[in-house]
Amino acid sequence: MNAGVDVEAGTVGVRMPKHIAIVMDGNGRWAQAKHLPRTAGHHAGSKAVRRTVEYCAQQGVEVLSLFAFSSENWRRPKEEVEILMRLFMTTLKQEVKRLNENKVRLLFIGDRGAFSQALQDKIKESEQLTGENTGMTLIIAANYGGRWDICQAAERLIQQAVANNDGHLKVTEALFEDSLATAGIADPDLFIRTGGEKRISNFMLWQMAYTEFFNSAVLWPDFNEDYLREAIFAYQNRQRRFGHTGEQIESAQNNTKNEL
Ligand code: FPP
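An account of the accompanying structure is given in this report. Treat the numbers as computed from the prediction; the structure is a model and nothing was measured. (Residues numbered from 1 in each chain as written. Predicted model: local features only at pLDDT ≥ 70, side-chain atom pairs only at ≥ 80, totals over all residues. Heavy atoms only, no water.)

**Focus on the pairing of strand S4 (residues 137-144)**
As a reminder of what qualifies: Each residue gets one of three labels from its accessible area relative to the maximum for its type: buried under 20%, exposed over 50%, partly exposed in between, using a 1.4 Å probe on protein chains only. By the criteria applied, helices consist of DSSP H or I runs no shorter than four residues and strands consist of E runs no shorter than two, each listed in order from the N terminus. If you view a crossover with the strands going away from you and the path from the first strand over the helix to the second runs clockwise, you call it right-handed.
Across the eight residues of S4, eight count as buried, placing the element largely inside the fold. Read from strand S3 (residues 105-109) through helix H5 (residues 117-130) to S4, the crossover connection turns out left-handed.

What follows is the structure in structure tokens.
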């Protein structure tokens, strides 16, 4: 008997993360080090996005979440924001067909109402085109913030309770999760942040309660398959305990081995 311990969670050396979430930091510094405008870093960053998506899909990762633009990124210089918006649009136009051919399902999370109508339409069209795909789910967090997500989930629950005239709605974790932008998606197993900073920066705050963090000093445009393998290897050598003790996990694993 495993006494409710998630044995798979503690297996070392073999398991692939099912969901990888990435903060792609360091585009600006990459460009500055090369005496290029910051925006050149974002263009180079989009190539690293393509490498990462391809590698994760090949490796059987089920969900890849990329933090493309935070709720706070509007504070950047106007020209940089404009160039980022243009880059999202051109990248979508260029990549969606190939993503669709590779059975990738695209999902955008965040408050898309702030984007131009053209970008909103393109986002909707890409989601509709790829919505039935059964391969990797690629989540692009755009105008997303973890706090925003928690607030909009709370708002939805309140609206439901009002509509149902339910003054005693019991808010369970499962019910709350169903109202988050990531409803139906398992929480990230591995969180990678490039660029050396050790912050979560308002990414999936609720969803990353038990996510394994991997910090890389590599600047995002330089990120490639080798660094990704390094992050996955580090993850595979962590023992995930979810509140249990290490002994409980090990004993549950031994029991499972004996049962086989
Ligand atoms: C953070 O680096 C990066 C961003 C805010 C933008 C991320 C965008 C891309 C990687 C481009 C394409 C993405 C998609 C999904 C098409 P930074 O500018 O904060 O770097 P710094 O810390 O060195 O200044």
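**Let's talk about the side chain of His19**
In plain terms, the rule: Counting of polar contacts relies on pairs of N or O atoms within 3.5 Å, with two restrictions inside protein: one atom must be capable of donating a hydrogen and the other of accepting it, and residues adjacent in sequence are counted only when both atoms are side-chain atoms. A contact between two residues is defined here by any heavy atoms of the two lying within 4.5 Å.
Its location among the elements puts His19 in strand S1 (residues 19-23). You can call His19 buried: its relative accessible area is 2%. Reaching out from His19, the side chain makes a polar contact with the side chain of Ser65 at a distance of 2.7 Å. In this structure the side chain of His19 is engaged in a polar contact, spanning 2.7 Å, whose partner is the backbone oxygen of Ala186. Residues in contact with His19, not counting those within four places in the same chain, are Val63, Ser65, Ile185, Ala186, Asp187, Pro188, Asp189 and Leu190.

**Here we look at the packing of aromatic side chains**
Two measures describe an aromatic ring pair: the distance that separates the ring centres and the angle between the ring planes. Operational definition: Each Phe, Tyr or Trp ring, with Trp reduced to its six-membered ring, pairs with another whose centre is within 6.5 Å; inter-plane angles below 30 degrees give stacked pairs, above 60 give edge-to-face pairs, and intermediate values give tilted ones.
Inspection of the entire model under this criterion finds 13 aromatic pairs. Both rings, one in Trp74 and one in Phe115, keep their centres 5.9 Å apart while their planes meet at 40 degrees; by these two values the pair is tilted. Of this pair, Trp74 sits in the loop between strand S2 (63-70) and helix H4 (78-101) while Phe115 is found in the loop between S3 and H5, placing the two residues 41 residues apart along the sequence. Site record: aromatic cluster; members linked through ring pairs are Phe67, Tyr144, Trp148, Phe191, Phe203 and Phe213.

**A word on the site of the ligand**
So the rule is basically this: A molecule or strand has a residue near it when one of that residue's heavy atoms lies within 4 Å. All accessible areas in this document rest on Shrake-Rupley with a 1.4 Å probe, and a residue is counted as covered only by the protein chains that are shown. We call Asp, Glu, Lys and Arg charged. Ala, Val, Leu, Ile, Met, Phe, Trp, Tyr, Cys and Pro are nonpolar, and the rest, Gly among them, are polar.
Looking at the ligand, there are 20 residues lining it, with Asp25, Gly28, Arg29, Arg38 and Arg76 nearest. Within the side chain of Asp25, a nitrogen or oxygen atom sits 2.9 Å from an oxygen atom of the ligand. When the ligand is considered free in solution it has 630 Å² of accessible area, and contact with the protein chains removes 91% of it. Elements represented by at least two residues in the shell around the ligand include exactly helix H2 (27-33), helix H3 (38-58) and H4. Looking at which element gives the most residues to the shell around the ligand, the answer is H3, with five residues. Looking at the shell around the ligand, its residues break down into eight nonpolar, eight polar and four charged.

**Quick look at the sheet that holds S3**
Under the convention used in this document: Pairing between strands requires that DSSP locate at least two bridges from one strand to the other. Lines fitted to the C-alpha atoms define the axes, with helices restricted to the stretch that makes contact. Angles between their N-to-C directions range from 0 to 180 degrees.
In spatial order, the strands read S3-S4-S2-S1-S5-S6; together these six strands make up an open sheet with parallel pairing. What marks the edges here is a single partner per strand, and that holds for S3 and strand S6 (212-215). Between one strand and the next, the sheet's axes are offset by a mean angle of 20 degrees, whatever the strand orientation. Two elements, S1 and strand S5 (residues 190-193), share four bridges in a ladder whose sense is parallel. Paired with Ile22 across the two strands is Ile192, which belongs to S5.

**Here we look at the packing of H3 against H4**
The cut-off we apply is this: Note on terminology: angles under 35 degrees are roughly parallel, angles over 145 are roughly antiparallel, angles of 65 to 115 are roughly perpendicular, and the others are oblique. Take the far helix as the reference: if the near one is turned anticlockwise from it by less than a right angle, the crossing is left-handed, and if turned clockwise, right-handed.
Direction vectors running N to C along H3 and H4 enclose 25 degrees, while the axes themselves pass 11 Å from each other. Taken as axis vectors, H3 and H4 run roughly parallel relative to one another. The two elements H3 and H4 cross, and the hand of that crossing is right-handed. In this structure, H3 uses Arg38, Thr39, His42, His43, Ser46, Arg50, Val53 and Glu54 to contact H4, whose residues at the interface are Glu80, Ile83, Leu84, Leu87, Thr91, Glu95, Arg98 and Leu99. For the contact of H3 with H4, the per-class residue count stands at five nonpolar, five polar and six charged.

**Here we look at the pairing of S6**
Residue alternation in S6 divides its side chains into a buried set, Glu212 and Phe214, and an unburied set, Phe213 and Asn215. Relative to S6, S5 is paired through four bridges, and the arrangement is parallel. From the neighbouring strand, Arg193 faces S6, where its bridge partner is Asn215.

**Considerations on helix H8 (residues 225-236)**
Short version of the rule: Here the expected length of a helix is defined as 1.5 Å per residue gap, with one fewer gap than residues.
Between its first and last C-alpha, H8 extends 16 Å over 12 residues, near the 16 Å set by a 1.5 Å rise per residue. Elements in contact with the buried residues of H8: S1, H3, S5 and S6.

**A few points about the pattern of salt bridges**
Keep this limit in mind: Here a salt bridge means any side-chain nitrogen of Lys or Arg lying within 4 Å of a carboxyl oxygen belonging to Asp or Glu.
Taken as a whole and assessed by the stated rule, the structure comprises 16 salt bridges. Among the ionic pairs, Glu197 bridges to Arg199, the shortest N-O distance being 3.7 Å. Taking relative accessible area as the criterion, Glu197 reaches 27% and is therefore assigned partly exposed. A relative accessible area of 46% means that Arg199 is categorised as partly exposed. With a closest N to O distance of 2.9 Å, Arg238 and Glu212 form a salt bridge. Of this pair, Arg238 sits in the loop between H8 and helix H9 (246-259) while Glu212 sits in strand S6, and the two are 26 residues apart along the sequence. Residues joined by salt bridges that share partners form a network here, namely Arg50, Glu54, Glu95 and Arg98.

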